[in-house]
Amino acid sequence: MNKPVEGFSKLTKDQKIDWLTANYTQDPDNAKALLHRYWNTDAKIQQLHDEFIENTITNYYLPFGIAPNFLINEKLYAIPMAIEESSVVAAASKAAKFWLSRGGFKSTILGTEKIGQVHFMYSGDTAKLKNFFEVVKPKLISEASSITRNMEKRGGGISHIELREQTQKMPNYYQLHCTFETLDAMGANFINSCLESFAKTFKKEAQIFAPFTEEERNIEVVMSILSNYVPNCVVKAEVSCSVDEFKVSEQMSSRQFAEKMVRAVNIAKIEPYRAVTHNKGIMNGVDAVVLATGNDFRAIEAAAHAYAAKDGAYSSLTHAKIEDDTFYFWIEIPLALGTVGGLTSLHPLVNLAMEILGKPTSKELMQIVAVAGLAQNFAAVRSLVTTGIQEGHMKMHLLNILNQLGANEAEKNTLIDHFKKNTATHSAVVEAFQKLRE
Ligand code: MEV
């Protein structure tokens, strides 16, 4: 049985590795060698990564790929994507190329509002609390001025503070529901600092608010934190083309294909089991760009799925229709993204990703990411309603299987050729590999 360790974070990196490999691996020398192989040879880059988190022992690589030929609002982009799933970049590139010759993608910002809340308990007269809130509101703002000054200079800051009674959900529960404009920053630190300042001022001023009784003065702040649910920080991305231009396969007319696409999207709108997988495909594209640009994919995921359920049932984030012989396909997705602050200025590859994208503002990045999600969904649903998903997926996954089997370069080339004409399933690849070795 392993024993708990004291003061692990104080150990040097080598000491941590020694302890870990001795206690938790079968072959410590081999494990150590592997951890070392993933260190960066550039000491400065390694130190940067070591300091991103606590207890770093090595780096965890993801492929950083490029999906070129994305025409978005008349501008051509090559989109960086960090993702491990074999078929994602290929699918994005294919969708980009398809829409390149059909007018490209259009994308529009529908809102950029960020949200934060101070959750507190108050037992007393609600009318008195409302009155207190009106009196204290200017102070909440003025006492946060050292935090908001720079953001205000650039045109952002606190947009609105509202008192919300939530006692119907939980006795004595109220909120300060606050909205912010954080411009090119994702804004988590800014918002949380503002909220903590509001909470402090609110509590302090309650102590000296004359109409309150002793009990009413004792406001209990439970927590002050931004909300990752941002239903008003939303971007729309869309494509359209005449149904006649929609030919993708010899087996199906362009109208049949357009109608099948619409039907598939409509199934995801009404059937949550399908909607989750449908939206997962969208997030394949979204997360890959969010990661490559150093943004917080957990925040983006949480917001996207909450938004997908905003009308009371979990539903598709994309929509499709045929109107006047035109096929329309679009997405509306909340994306609280930043292009300054956080990892964006620290991680050299994130810097490069931003340069590749033409140093976008956060609004431009929202547009690019929404397009990546829409393109990914288009590629997935197109495969699903035509060839089925496995054909393309297995083509891309073939190399992973061959690598797992330990195929050499010559064997890989032979088998890649073989599976151009044959259906690749896991067992078919293993069988063909074994036959080749025999
Ligand atoms: C696989 O990562 C994503 C898909 O399942 C998405 C979909 O079904 O729409 C292909």
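Predicted model only: the values in this text are computed from it and were never measured.

Let us look at empty space enclosed by the protein. Within this structure, the stated rule accounts for two cavities of 30 Å³ or more. Its volume calculated, the largest cavity comes out at about 60 Å³. Forming the walls of the largest cavity are Lys114, Ile115, Met186, Ile191, Leu226, Ser227, Asn228, Val230, Ala299, Ala303 and Ala336. Among the elements of the structure, β4 (114-121), β7 (220-227) and α11 (297-308) are those that each provide at least two residues to the lining of the largest cavity. Of the residues contributing to the lining of the largest cavity, the split by class is eight nonpolar, two polar and one charged. When we break the lining of the largest cavity down by domain, the ones giving at least three residues each are domain 2 (64-110 + 234-386) and domain 3 (114-227). Here the second largest cavity is characterised by a volume of approximately 40 Å³.

Let's shift gears to the pattern of salt bridges. A full pass over the atoms with the stated rule returns 17 salt bridges. Notably, a salt bridge pairs Glu85 with Lys280, separated by 2.9 Å at the nearest N-O pair. Of this pair, Glu85 sits in the loop between β2 (75-82) and α4 (88-100) while Lys280 sits in helix α10 (residues 272-292), and the two are 195 residues apart along the sequence. On the basis of relative accessible area, Glu85 is assigned to the partly exposed category, the value being 22%. What makes Lys280 partly exposed here is its relative accessible area of 41%. Arg437 is the partner of Glu411 in a salt bridge, and the nearest nitrogen-oxygen pair spans 2.7 Å. Of this pair, Glu411 sits in helix α15 (residues 409-421) while Arg437 sits in helix α16 (residues 426-437), and the two are 26 residues apart along the sequence.

Now for a nonpolar patch on the surface. Judged by side-chain polarity, Ile66, Leu349, Leu352 and Ile356 come together as a nonpolar surface patch covering roughly 300 Å² of accessible area. Sorting elements by how many residues they give to the nonpolar patch places helix α12 (residues 348-356) first, with three residues. Along the chain, Ile356 falls in helix α12. Given a relative accessible area of 33%, Ile356 falls into the partly exposed group.

For the rest of this paragraph, the subject is the site of the ligand. Taken together, Glu85, Arg274, Thr277, His278, Lys280, Gly281, Asn284, Ala380, Leu384 and Ile389 make up all the residues around the ligand. Separating an oxygen atom of the ligand from a side-chain N or O atom of Arg274 is a distance of 2.8 Å. Between Lys280 and the ligand, the recorded distance is 2.7 Å, taken from a side-chain N or O atom to an oxygen atom. Surface burial for the ligand is 82%, taken as the share of its 300 Å² of free accessible area covered by protein chains. When atom positions are compared with the pocket grids, the ligand is found to occupy the second largest pocket. Of all the secondary structure elements, the ones that give two or more residues to the shell around the ligand are α10 and α13 (362-385). Top element by residues in the shell around the ligand is α10. It accounts for six residues.

Put simply, the largest pocket is a space of about 1,400 Å³. As for the largest pocket, its lining consists of 38 residues, and the residues nearest its centre are Phe52, Leu291, Gly294, Leu343 and His347. Looking at the lining of the largest pocket, the elements that each hand over two or more residues are α3 (43-52), α7 (188-207), α10, α11 and α12. Empty space within the second largest pocket amounts to approximately 810 Å³. Contributing elements (two or more residues each) for the lining of the second largest pocket: α4, α10, α13 and α14 (389-405). Looking at the lining of the second largest pocket element by element, the count peaks at nine residues for α13. Split by residue class, the lining of the second largest pocket holds 13 nonpolar, 16 polar and seven charged.

How each quantity is defined
- Residues numbered from 1 in each chain as written.
- Predicted model: local features only at pLDDT ≥ 70, side-chain atom pairs only at ≥ 80, totals over all residues.
- Heavy atoms only, no water.
- 1 Å grid on protein atoms, 1.4 Å probe; cavity = no way out; pocket = protein on both sides within 12 Å on 5 of 7 lines; lining within 4 Å.
- Points joined across faces, edges and corners; volume = space filled by probe spheres on them.
- Helix = DSSP H or I, 4+ residues; strand = E, 2+ residues; numbered from the N terminus.
- Nonpolar A, V, L, I, M, F, W, Y, C, P; charged D, E, K, R; others polar.
- Domains from an automatic or database assignment.
- Salt bridge = Lys/Arg side-chain N within 4 Å of Asp/Glu carboxyl O.
- Buried < 20%, exposed > 50% of the residue type's maximum accessible area, 1.4 Å probe, protein only.
- Patch = residues over 30% accessible without salt bridge, like charges linked within 9 Å, V, L, I, M, F, W, Y side chains within 5 Å.
- Areas by Shrake-Rupley, 256 points an atom, 1.4 Å probe, with all protein chains shown as cover.
- Near = heavy atom within 4 Å.
- Polar contact = N/O pair within 3.5 Å; in protein donor to acceptor, adjacent residues only side chain to side chain.
- Sits in = over half its atoms within 2 Å of the grid points.

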